[in-house]
Amino acid sequence: MNLNKKKKFQKLLLHWQKSSAITYPWRNGGYTPFQTLLTEILLRKTNAPKVKNFITDTIKEMGTPYKIKEAGATVLRESLKPYGMSHKKSAELSALASKLDSDFEGTVPSNKDKLLELPGVGNYIANCVLCFSFDQRVPILDVNIIRLLTRVFSIKSERARPREDPELWKFAESLLPRKHCKEFNLALLDLSMRVCKAKKPECQNCPLAEMCDYFKHQRSLKQFS
């Protein structure tokens, strides 16, 4: 990968994040590692803007493994209805709370391998916890970010589930800046969701447009059509 393009990507993304970051309750600081982990599980396959007003109350109700174990399955399912998949998520949270209590003294580990032992935790959630709660320099990769990276850098995974492709994770890691990794990852999440949409991407509002392979290709098609 061209080193200059990588540095330009970092610079433009971090500059955009300063003025365009989305404000969510879970980004305001003050969340414990467990509350960050809980938030990421709640947000899985969920529209974040639609549930942002529920998060604060949920964190108060279930913000520790003990509170989840105390609540019980019925109460959990009822509390999780706004997030969708309440039966599955309540079962995951119950198993998660039990695992943390029995194996980790109720504390979320700061080690990737240990995090992956937890029920409902894969690479994405593990790295969110490591980055946002423990300030570790790790990449974050979801379907939206993969789409953005594919467009900007013309990369492509041959895997049926690209987010499980280790080569894509390595590529995402290679893009990380030395500093401000948290802000960089948040910018990737926001830009890929708000601007670099699957359908009708808003290239005219994208800070990466002039360095984006997809945008250049689309512009050339219009010129010769």
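Residues numbered from 1 in each chain as written. Predicted model: local features only at pLDDT ≥ 70, side-chain atom pairs only at ≥ 80, totals over all residues. Heavy atoms only, no water.

## Details of the side chain of Ser157
Argument step 1. Considering the arrangement of structural elements, one finds Ser157 in the loop between helix H9 (143-153) and helix H10 (166-174).
Argument step 2. The exposure class of Ser157 is buried, given its relative accessible area of 14%.
Argument step 3. A polar contact is formed between the side chain of Ser157 and the side chain of Asp165, at a distance of 2.6 Å.
Argument step 4. Discounting residues that sit within four places of it in the chain, Ser157 has contacts with Pro162, Asp165 and Leu168. (Helix = DSSP H or I, 4+ residues; strand = E, 2+ residues; numbered from the N terminus. Buried < 20%, exposed > 50% of the residue type's maximum accessible area, 1.4 Å probe, protein only. Polar contact = N/O pair within 3.5 Å; in protein donor to acceptor, adjacent residues only side chain to side chain. Contact = heavy atoms within 4.5 Å.)

## Things to note about the pattern of salt bridges
Pairing is possible between side chains that carry opposite charge, provided their charged atoms lie close to one another.
Argument step 1. Under the definition given, this model contains 11 salt bridges.
Argument step 2. With a shortest N-O distance of 2.8 Å, Arg27 and Asp190 are connected by a salt bridge. Residue Arg27 is located in the loop between helix H1 (3-20) and helix H2 (33-43), and its partner Asp190 is located in helix H11 (residues 181-194); the two are separated by 163 residues in the primary sequence.
Argument step 3. On the accessibility criterion, Asp190 (1% relative accessible area) is buried. (Salt bridge = Lys/Arg side-chain N within 4 Å of Asp/Glu carboxyl O.)

## Concerning the confidence of the model for the chain
Argument step 1. Scored by pLDDT, the chain comes out at a mean of 93, with 98% of its residues at no less than 70.
Argument step 2. The lowest-confidence element of the chain is helix H12 (residues 213-223), averaging 83 in pLDDT; the highest-confidence one is helix H7 (residues 112-115), averaging 98. (pLDDT = per-residue confidence, 0-100.)

## Considerations on unusual backbone geometry
Argument step 1. A positive phi angle is found at Met85, which is not glycine, with a value near 50°.
Argument step 2. Even without being a glycine, Ser154 presents a positive backbone phi close to 55°.
Argument step 3. Inspection of the secondary structure assignment puts Ser154 in the loop between H9 and H10.

## Notes on the environment of Glu164
Argument step 1. Note on placement: Glu164 falls in the loop between H9 and H10.
Argument step 2. With a relative accessible area of 47%, Glu164 lands in the partly exposed category.
Argument step 3. When the C-alpha positions of Glu164 and Ser79 are compared, they lie 31 Å apart, and in sequence the two are 85 residues distant.
Argument step 4. Reaching out from Glu164, the side chain makes a polar contact with the side chain of Arg161 at a distance of 2.8 Å.

## Things to note about the packing of aromatic side chains
Argument step 1. One pass over the structure, following the stated rule, counts four aromatic pairs.
Argument step 2. A centroid spacing of 5.1 Å and a plane angle of 65° characterise the contact between Phe9 and Phe153, whose relative ring orientation is edge-to-face. Of this pair, Phe9 sits in helix H1 while Phe153 is found in helix H9, placing the two residues 144 residues apart along the sequence. The pair Phe9 / Phe153 is uniform in exposure class, with both members buried.
Argument step 3. An angle of 75° between the planes, with centres 5.3 Å apart, marks the rings of Phe153 and Phe171 as edge-to-face. Of the two residues, Phe153 is situated in helix H9 and Phe171 in helix H10; the sequence distance between them amounts to 18 residues. In this pair, the class of Phe153 matches that of Phe171, namely buried.
Argument step 4. Each residue in the set Phe9, Phe153, Phe171 and Phe184 is aromatic and connected to the rest through ring pairs, giving one cluster. (Phe/Tyr/Trp six-rings, centres within 6.5 Å; stacked < 30°, edge-to-face > 60°.)

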